[in-house]
Amino acid sequence: MIRIHRRGERGCRTLDPAETPIVDADVLWVDLVSPTREEELSIEAALAGLALPTREEMAELEASSRLYREDGATYVTVDLLHRGDEETPVLDPVTFVVSPGPLVTIRYFDPRPFAMMDTALAREDRLCATAPALALHLFEMVIDRTSDVLSRSVARVEGLGQSIFADRSRAASFEPFINRLGRARLANARLEQSLAGLSRAFVFLGLDERIETDAEAREHLRSLVRDARSLTDHNHAVAASIDFQLNAALGLISIQQSSIIKIFSVAAVAFLPPTLIASIYGMNFDHMPELAQPWAYPAALVAMGISAVAPLAWFKRRGWL
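Calculation criteria
- Residues numbered from 1 in each chain as written.
- Predicted model: local features only at pLDDT ≥ 70, side-chain atom pairs only at ≥ 80, totals over all residues.
- Heavy atoms only, no water.
- Core = buried A, V, L, I, M, F, W, Y, C linked by side-chain atoms within 4.5 Å.
- Buried < 20%, exposed > 50% of the residue type's maximum accessible area, 1.4 Å probe, protein only.
- Helix = DSSP H or I, 4+ residues; strand = E, 2+ residues; numbered from the N terminus.
- Contact = heavy atoms within 4.5 Å.
- Pairing = 2+ DSSP bridges.
- Patch = residues over 30% accessible without salt bridge, like charges linked within 9 Å, V, L, I, M, F, W, Y side chains within 5 Å.
- Areas by Shrake-Rupley, 256 points an atom, 1.4 Å probe, with all protein chains shown as cover.
- Salt bridge = Lys/Arg side-chain N within 4 Å of Asp/Glu carboxyl O.
- Expected span 1.5 Å × (residues − 1).

**Structural notes on the nonpolar core**
Of all hydrophobic cores here, the largest spans 54 residues; its most connected members are Leu 80 and Phe 139. At the level of elements, strand S3 (27-33), strand S5 (73-82), strand S6 (90-98), helix H4 (112-123), helix H5 (131-164), helix H6 (175-205) and helix H8 (215-280) are the ones that each hand at least two residues to this core. Ranked by residues supplied to this core, first place goes to H5 with 15 residues. Discounting residues that sit within four places of it in the chain, Leu 80 has contacts with Val 90, Leu 91, Asp 92, Val 94, Phe 96, Phe 109, Phe 114, Val 142, Ser 194 and Leu 198. If you look at the next biggest cluster of nonpolar residues, it comprises 16 residues, including Ile 4, Val 27, Val 30 and Tyr 75.

**Some words on the pairing of S6**
For S6, the tally of buried residues reaches eight of nine residues, placing the bulk of the element in the interior. The sheet contact formed by S5 and S6 spans nine bridges and is antiparallel. Note on S6: the bridge partner recorded for Leu 81 is Leu 91. Both S6 and strand S7 (residues 103-107) contribute to a ladder of four bridges, which runs antiparallel. Looking at S7, one finds that Phe 96 is bridged to Thr 105. Between S6 and S7, which pair antiparallel and follow one another directly, the connecting turn spans four residues.

**Overview of a nonpolar patch on the surface**
A contiguous nonpolar surface patch, about 590 Å² in accessible area, is contributed by Leu 276, Ile 280, Tyr 281, Met 283, Phe 285 and Leu 291. Within the element layout of this structure, Met 283 appears in the loop between H8 and helix H9 (296-318). Note on Met 283: relative accessible area 40%, which makes it partly exposed.

**Let's talk about H9**
With 23 residues, H9 ought to run about 33 Å at 1.5 Å a step, and its terminal C-alpha atoms sit 33 Å apart, in line with that. Contacts from the buried residues of H9 go to H8. Just downstream of H9 lies Gly 319, where phi reads positive at about 80 degrees.

Structure below.
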């Protein structure tokens, strides 16, 4: 689908997808959403042969395929988060082409910042100035959305920390906490990947002459760089917190297992002397004089009881219980 945003008397007007897209001087933004090859070719022809990357080229990881200049246009491909309200967001590439004409974006999913940008364009006329300025405002929406996703991740991690270190009156399973911490770490890694790509993209965009020669655009870009760096530092702190909580959960599991082993060990030691006494008097010898005495059975019971209690009392005194 091709979405055309054209300047009008009152801000930007988004053409209906059914309308024939005509790229002229008033077109500010061409948004390609899951485009077919025919749609890509039609836009390339309308933009004087501007070459657009395919989906396979967008997925490549090397920097030369993601950040480059060609025929006066700056190509930037970054991984953006979507489904950010879920516990584990998804990461997919989006290409931004800052050309001498309109801004061109290529995407195969619907990230929240694009919907936010549509709303902002209908509300604020100042956003409809130039294509490079629009690109920076769109990146600002991306940073805002990334910040929201990071805030939700921080809240989930803090909640997990409170649950892990809560006072427990009985043993509890840590398996659910470890699973959730694993998902939080995966979300954290995807945030890190997205922010790293954005930081590289901002540095590369700063070399574009359309932004480099515009003082307001340069300052806007510096602000985006600072925001990305701040979010990256915050994300690193969240990663450290997740790793600490994961280590703490594994440590508490080890303590639980040690407590269980200790109980069995103490029980084995406590029942060993009574078992010895019972084994002695379970021998089948003809000459065991005390067996004929009326006090023999009570005496054996008392001896077994004392031999069981004495080790427990000793362990308690030593602080082992």
